[in-house]
Amino acid sequence: SSTLNWSTSDCVNATISNLGYNIPTSGSQEVWPTVTTTYTLTAYGTTGASQTRSVTVYVNQPAVCAIDNFTTSDNSITSGQSTTLSWNTTNCTSTSISSIGSVSVDGSRTVSPTVTTTYTLTASGGSGQTTMRALTIYVNEATPECFVSDFSASNNNIKEGDYTTLRWNTNGCVRVKISDIGNVTDDGNERVYPSEDTTYTLTAYSSDGHSIVRTLRINVDQNNNNNNNCAIDNFTSTDTYIERGDHVTLKWNTSDCNTVNITDIGNVSLDGNRVVYPAYTTTYTLKARGDNGNYRERSIQINVGRDIVPIYNSNVVTTVATNISQTGAQLNGLITSTSYNNANVYFAYGTTVNLGSRTASRSTSGNTNFSEFVSSLSPNTIYFFQALSEGPNGVSKGAIEVFRTLGYNTNTYTNTNTNTIIRYVNQGTTVYGSESPLVLKIENRYQAIGVGDIIDYTVYYKNISISTLTHPMVQVYVPEGVTVINTSRGTYSEKDRTLSVPIEDLLPNAEGVIYLQARVDSLNANLAQIVTTAILVYTNPNGAQENAMAYVLNNPKIINGSVLGASAFFGNLFGFGLLGWLLLIILILLLIIVARSLYSRRTVTNTTINKTVSQ
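Residues numbered from 1 in each chain as written. Predicted model: local features only at pLDDT ≥ 70, side-chain atom pairs only at ≥ 80, totals over all residues. Heavy atoms only, no water.

### Topic: the overall build of the protein chain
Step number 1: Each helix and strand in the protein chain was counted, giving two helices and 51 strands.
Step number 2: Sequence-distant contacts in the protein chain: of pairs separated by 6 or more residues, those separated by 24 or more amount to 59%.
Step number 3: Approximately 31,900 Å² of the protein chain is accessible, and the part contributed by carbon and sulfur atoms is 47%. (Helix = DSSP H or I, 4+ residues; strand = E, 2+ residues; numbered from the N terminus. Contact = heavy atoms within 4.5 Å. Areas by Shrake-Rupley, 256 points an atom, 1.4 Å probe, with all protein chains shown as cover.)

See the structure below:
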C-alpha cells in the first residue's frame, strides 16, 4: 500500500481521482493500486474556483532517479583556494562527477580547480534512466550575473482539461523555482493542467542572494462548463419508413451553435426543415458546432422500400462503458442468445459513428457478460462503441452507445441552474459470478414496453461477503428515450441518463432496495432488445475499487406488433403501401359478406338436429 497525504486552505470540498468519492479537505488515505496510477487532488473554494495537484504511485516499476540538489560552498575562487561540492539524489543507484569519477549517491567533495571548471553530476537509476546537473566554479574571474534567457509555454490559450508545456532557460543561477510546481532544474520543461486562468511565476536566485522574477499567464477557456454550449434540441422526421420515390421532411432546432450541416445535404440554417427524397435506406447525421469548439451530432435513419432494415441488440447487446478515466474505459456487452455458443466477441469503437478501431476477438459461450478495457484514448473526448459477435448465424451487432472520457482536472461539477450534481465515478474492476461479494438485481414487471408506458424499476442489493464494503454507490443507466420521473433516493442526471445513489457502508449481510419510476418518451425502432443497467461501486477491504453489474432486458412494442411495427412490415411486403393493404383487406371482407349472403339463400332440404343431454 501507499498513503496519500494532503492539506488545503480555505477550501470547502475536495476529491481525488481514482478514489471516486468525496474526501475531507485535509487528511490521508491508504491506497492499493495494482498498476501505476496518478492521483489528482482537486480542491474547491466557496466561489467554485478549484486547484489541482497530482502525484503518481509507481507499481512494479523502478522509481524515477532524480537529482535533488547539486551545490557549491563558493562558486568563485582564486587559484589555490578550494570549494566544497555537495549533492543529494533520490532513487538513484549510481552517480559520478566529471573530473572526479564515481561518487556516492549523496555526499560532498572538496575541489581546488586552478582554472574555471564545470563539474557535471550524472546519476543513474535501476531502469537505466540517467539525469545530469552541471555546476561551474569560476577561478580568478567574476561570477556572471544570474539571468533568465527564456520562460515560455507551448500554448498560452487552452481549453479546460487540456495541458500546456512550460519551458525555461537560465544562466549563472544557483536556484530556480516556479509557482505551483516548486524547485526546478536550471533549464527544463514541465507539463501543467491549469483549470482556470493562471499566472506562473519563475524566480531565479543568484549566488549573492538576489533574485530575478519572470511571469507567464495561461488563459483557460472554461466555456465547456457553462450553459452556452452548442446543443441539438431536436432532429426529427415526418416518417422513418417510406416507399421508394416518396419523401420525408427533416426538422431540427439547435441552441448556441454557429454552424450546422447534414450529411448528403451540406450546410443548413441553425433551425429549419428540409424535404428529402432518399432512393434507398439512408442515415442523415446532423452535425453542429459552437463558438467554443464543442461539437454535437444526432442521426436519423430513413428506411426505404424493400431495403433490409438492420435490427440491433438481437443476439448481442451493447450495455454501458464503465471505469472511465482520462485515457481509458471498460466497454461492456451481453450475449443474449443461447444459440450463440462458442461465439467470438469484440468491440468496435472510435470518435465518430463510423467507429474505426476494434478490440481483439475472444471466445465466449452461452448467455454471458463480456467486457474489454481500451486505453490510449484522448481526454475529454466523446467515443462511440458497439458490441459485436460472430456466431452460428453470422455477425450480430449491438447498438452503438457513447461515453466521454474525463478531463484531467474535472472530477465533479455542479449545474447551478438545476442544482444537479454529476459525479464521475471510477468504477474499478467488474467482478462477476461467485467471485462477487454482492448480490445485485434490477427488475421491472414488463416484457415489452412502448411509448407512453410508465416503468417501475426495483434495484435490490446485498453484501454476501464477510467483509465490510465501503463508499458504495448505486448507479442506474436508463435507455435513451426513457426518462426517470421519480426515485426513492439519489440524484438523476438527464444529460447522462444516470441515477446516482450514494448508500451507507455495506456491513456483512446488509441489504437494501432502491425504487425508480420512468416514462417511455421514444424508442428506437431498430432495437430488438432494450437494456437498463445497474452498477454498484464499492471499495473492497484491500482499498481497490470494484463493481457489480446487473441488467434487465425489454422488447420494444414498436417492433412487436405496434402500429409503427405493422407499418414497417406491410410497407415493405410486395411493394404495397399500408393504404393498399387496408383496401385489399376491405375487399376481402366484402367478398366474404357476399359469399355468406348467397349461401344463406340456398334451400336446405335435409336438416339434422343433434342434441346433447346433460346427465
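The discussion continues.
### A word on a nonpolar patch on the surface
Step number 1: Together, L584, I585, L587, I588, L589, L591 and I592 line one region of the surface with nonpolar side chains, adding up to about 600 Å² of accessible area.
Step number 2: Along the chain, the position of L587 falls in helix α2 (residues 578-600). (Patch = residues over 30% accessible without salt bridge, like charges linked within 9 Å, V, L, I, M, F, W, Y side chains within 5 Å. Salt bridge = Lys/Arg side-chain N within 4 Å of Asp/Glu carboxyl O.)

### A look at the sheet that holds strand β17 (residues 164-171)
Step number 1: Spatially, β15-β17-β20 is the arrangement adopted by the three strands of the open sheet, whose pairing is antiparallel. Only two strands of the sheet have a single partner each, and these edge strands are β15 (147-153) and β20 (187-192). With strand direction ignored, the average angle separating the axes of adjacent strands in the sheet is 15°.
Step number 2: In this sheet, β17 lies alongside β15 in antiparallel orientation, the contact comprising six bridges. (Pairing = 2+ DSSP bridges. Axes fitted to C-alpha atoms, helices over the stretch in contact; angles between N-to-C directions.)

### A short note on the sheet that holds strand β11 (residues 101-103)
Step number 1: One open sheet holds the five strands; their spatial order is β8-β14-β13-β10-β11, and the pairing between them is mixed. On the outer flanks of this sheet lie β8 (76-77) and β11, each paired with one strand and no other.

### Some words on the state of the cysteines
Step number 1: All chains considered together, the criterion is met by one disulfide.
Step number 2: One disulfide bridge connects C230 with C257, the sulfur atoms lying 2.0 Å from each other. Measuring handedness by torsion sign, the sulfur bridge of C230 and C257 sits at about 90° and is right-handed. One end of the pair, C230, is in the loop between β22 (211-221) and β23 (231-237); the other, C257, is in the loop between β25 (248-255) and β26 (259-262), and 27 residues separate them in sequence. Accessibility assignment for this pair places C230 and C257 in one class, buried. (Disulfide = S-S within 2.5 Å. Buried < 20%, exposed > 50% of the residue type's maximum accessible area, 1.4 Å probe, protein only.)

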